[in-house]
Amino acid sequence: MSLDLIVRNAALPDGRAGLDIACEGGRITAIEAGITAEAARVIDAGGRLVSPPFIDCHFHMDATLSLGLPRLNKSGTLLEGIGLWGELKPLLTHEAVAERALRYCDLAVAQGLLAIRTHVDVCDDRLLAVEALLDVRERIAPYIDLQLVAFPQDGYYRSPNAAKNLDRALDLGVDVVGGIPHFERTMADGAASVAALCEIAEKRGLMVDMHCDESDDPLSRHIETLAAETTRLGLQGRVAGSHLTSMHSMDNYYVSKLLPLIAEADIQVIANPLINIVLQGRHDTYPKRRGQTRIPEMRPHGINASFGQDCCMDPWYSLGSADMLEVAHMGLHVGQMTSREAMRFCFDAVTVNPAKAMGLDGYGLDVGCNADMVLLQAADPIEAIRLKARRLAVVRRGKVIAETPPQIATLSLDGRPPTVDPAAYAPPV
């Protein structure tokens, strides 16, 4: 019997090692030691880590790679970024949005990032970005699972045509209902928008993903409303609260009430470490707040928490590289999650946790799952985060779609070994 692909001598994120992974017909057909079958392609993992693909469950692909258009964000603030995006929107073309998105997707594939949820602004009456990303979704389907969120960037009630445009976007095939309640004119309007948008999702049978309380204001508490509406409408497990940065400024007593409500509603939480640490606390002198929501405190409540990248070279963030290990690395530091177990959680926060948040079918490293995986130049998830490990091979449905040779430095130092492999320095057990 000849298979499509066998990856030999792999270490898995759960700690198992020395295993072969057999792939046929786009699926994983076996994971065991010493598979004797032949295959059209064999990869020797050499004891290195094989992971399911990386996932970014919070991104803005309509704005990606637009840095400097039409100008730079001089203050570095969230509000200037929103204003700058408003200046750029009338200048967008279908072709330019699609081309930038496709270039980003090329980079994502090279980084082993094979599933992305992107928010797309629906406040432009042309719905130009929506149509462009619907085209992109179709073109990249063989390589990347792309979910689109109908996002009323300027406010569901605050922007005159946002409600109508959001319905139009969903009719065109956008996957998820979005919102931004803290950007409405009043707290009451924000709460009303949460209720209205959740009702739309319930009627259409869709998921919800809201930018929620992306603020330093401890009185921005729309996550409480989102949890209540989720429970009222029976949307448990289908709703995500993204950012939730106001929670880092709330008093502990209120948070002790809030976390059980989030858990009861099975809200999926998405923090965005790179952006939260940069945009939040801008009005502070010292001490400065970190901005990232309370991920460590959520974990004992069983809340499914993920990390997203949010932005890459756009009006809000001038850096970014489609590297979800960079995101996990920042989330680990900002959240001070440095126990061995917590660091492994940070790896889960860019793999299995966002897969659950997005409802991805066939994801994982088990028999019967899609044959999608990444071979990393690292021995385990902690080392992968520490090194932001090189992606040696990226596999989609049993076919290698990207490869990179290992990173080895050649030295000319008297009395020292001639080569250095950055993954060869394991910590003491």
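For the structure given in this document, a descriptive report is provided here. Here the structure is a predicted model, which means the values were calculated and not measured. (Residues numbered from 1 in each chain as written. Predicted model: local features only at pLDDT ≥ 70, side-chain atom pairs only at ≥ 80, totals over all residues. Heavy atoms only, no water.)

### With respect to the overall build of the protein
At step 1: Within the protein, the regular secondary structure consists of 13 helices and 18 strands.
At step 2: For the protein, the C-alpha radius of gyration of 22 Å lies close to 22 Å, the compact-globule estimate for 429 residues.
At step 3: Across its three principal directions, the C-alpha atoms of the protein cover 65 × 45 × 45 Å.
At step 4: Each of the 429 residues in the protein was classed as buried or not, and the buried ones make up 56%.
At step 5: In the protein, the share of contacts with a sequence separation of at least 24, taken over all contacts with a separation of at least 6, comes to 75%.
At step 6: For the protein, the computed accessible surface area is about 17400 Å², with 53% contributed by carbon and sulfur atoms.
At step 7: Charge-centre separation for the protein: the mean point of 41 positive side chains lies 3 Å from the mean point of 55 negative side chains. (Helix = DSSP H or I, 4+ residues; strand = E, 2+ residues; numbered from the N terminus. Rg over C-alpha atoms; globule rule 2.2 N^0.38 Å. Buried < 20%, exposed > 50% of the residue type's maximum accessible area, 1.4 Å probe, protein only. Contact = heavy atoms within 4.5 Å. Areas by Shrake-Rupley, 256 points an atom, 1.4 Å probe, with all protein chains shown as cover. Lys, Arg positive; Asp, Glu negative; His and termini not counted. Charge placed at Lys NZ, Arg CZ, Asp CG, Glu CD.)

### Re the pattern of salt bridges
Once their charged atoms are close, side chains differing in charge can pair, the charge on each being opposite to the other.
At step 1: Using the criterion set out here, one finds 22 salt bridges in the structure.
At step 2: Between Asp-20 and Arg-8 there is a salt bridge, with its nearest N and O atoms 2.9 Å apart. Taken together, the positions of Asp-20 in strand 2 (residues 19-24) and Arg-8 in strand 1 (residues 2-10) put the pair 12 residues apart, joining distant regions of the chain.
At step 3: We classify Arg-8 as partly exposed; its relative accessible area is 23%. (Salt bridge = Lys/Arg side-chain N within 4 Å of Asp/Glu carboxyl O.)

### Some details on helix 7 (residues 252-264)
At step 1: With 13 residues, helix 7 should reach 18 Å at 1.5 Å per residue; the first-to-last C-alpha distance of 19 Å fits that figure.
At step 2: In this fold, the buried residues of helix 7 make contact with helix 6 (222-233), strand 12 (268-271) and helix 9 (295-298).
At step 3: Two or three places before Tyr-253, at the opening of helix 7, Asp-251 has a side-chain oxygen 3.1 Å from that residue's backbone nitrogen.
At step 4: Phi turns positive, to about 55 degrees, at Asp-266, one or two residues after helix 7. (Expected span 1.5 Å × (residues − 1). Polar contact = N/O pair within 3.5 Å; in protein donor to acceptor, adjacent residues only side chain to side chain.)

### With respect to the sheet that holds strand 1
At step 1: Here 4 strands make up an open sheet; going across it, the order is 3-2-1-4 and the pairing mixed. Looking at which strands have only one partner, the edges of the open sheet turn out to be strand 3 (27-32) and strand 4 (38-44). The mean angle between the axes of side-by-side strands here comes to 20 degrees, regardless of whether they run parallel or antiparallel.
At step 2: Relative to strand 2, strand 1 runs antiparallel, the two being bridged by 4 bridges. Residue pairing in the sheet places Val-7 in a bridge with Ile-21 of strand 2. (Pairing = 2+ DSSP bridges. Axes fitted to C-alpha atoms, helices over the stretch in contact; angles between N-to-C directions.)

### Remarks on the sheet that holds strand 7 (residues 113-121)
At step 1: Strand order in the open sheet formed by 8 strands is 6-7-8-9-10-11-12-13, with parallel pairing between adjacent strands. Here the strands that pair on one side only, and so sit at the sheet edges, are strand 6 (54-59) and strand 13 (305-307). Direction aside, the axes of adjacent strands within the sheet are offset by 20 degrees on average.
At step 2: Bridge analysis of strand 12 against strand 13 gives 3 bridges, and the strand direction is parallel. Note that in strand 13 the partner of Ile-270 across the bridge is Ser-306.
At step 3: Of the strands in this sheet, strand 6 and strand 7 are in contact with helix 2 (residues 94-110), which crosses strand 7 at around 150 degrees.

### Observations concerning the packing of aromatic side chains
At step 1: Under the criterion given, the structure shown has 5 aromatic pairs.
At step 2: With 4.5 Å between their ring centres and 20 degrees between their planes, Phe-59 and Tyr-104 make a pair best called stacked. Within this pair, whereas Phe-59 is found in strand 6, its partner Tyr-104 is found in helix 2, the two being separated by 45 residues in sequence. Pair check on accessibility: Phe-59 and Tyr-104 agree, each one buried.
At step 3: Ring centres 6.3 Å apart and planes at 45 degrees place the aromatic pair Trp-85 and Trp-316 in the tilted group. With Trp-85 in helix 1 (residues 78-88) and Trp-316 in the loop between strand 13 and helix 10 (324-334), this residue pair connects regions lying 231 residues apart in the sequence. (Phe/Tyr/Trp six-rings, centres within 6.5 Å; stacked < 30°, edge-to-face > 60°.)

### Quick word on a nonpolar patch on the surface
At step 1: Together, Leu-67, Leu-72 and Met-313 make up an exposed nonpolar region whose accessible area comes to about 240 Å².
At step 2: Take Leu-67: it is sitting in the loop between strand 6 and helix 1. (Patch = residues over 30% accessible without salt bridge, like charges linked within 9 Å, V, L, I, M, F, W, Y side chains within 5 Å.)

### Overview of the state of the cysteines
At step 1: Enumeration over the complete set of coordinates arrives at 0 disulfides.
At step 2: Just so you know, Cys-198 is unpaired, no disulfide at all, and the nearest cysteine sulfur is the one on Cys-212, 9.4 Å from it. (Disulfide = S-S within 2.5 Å.)

### Points about the packing of helix 2 against helix 3 (residues 128-140)
At step 1: Where helix 2 contacts helix 3, the axes come no closer than 9 Å and their chain directions differ by 40 degrees. Viewed along their axes, helix 2 and helix 3 adopt a mutual orientation that is oblique. You can see that helix 2 and helix 3 cross each other, and the crossing is right-handed. Of helix 3, the residues touching helix 2 (which contributes His-94, Val-97, Ala-98, Ala-101, Leu-102 and Cys-105) are Leu-128, Ala-129, Glu-131, Ala-132, Leu-133, Asp-135, Val-136, Arg-139 and Ile-140.
At step 2: In the contact of helix 2 with helix 3, the residues fall into 11 nonpolar, 1 polar and 3 charged. (Parallel < 35°, antiparallel > 145°, perpendicular 65-115°, else oblique. Left-handed = near helix turned anticlockwise from the far one by under 90°. Nonpolar A, V, L, I, M, F, W, Y, C, P; charged D, E, K, R; others polar.)

### Observations concerning the environment of Ser-321
At step 1: For Ser-321, the position within the fold is in the loop between strand 13 and helix 10.
At step 2: Taking the C-alpha atoms as reference, Ser-321 lies 9.2 Å from Gln-309; in sequence the two are 12 residues apart.
At step 3: Ignoring anything within four residues of it in the chain, the contact list for Ser-321 reads Leu-107, Gln-111, Gln-309, Cys-312 and Glu-326.

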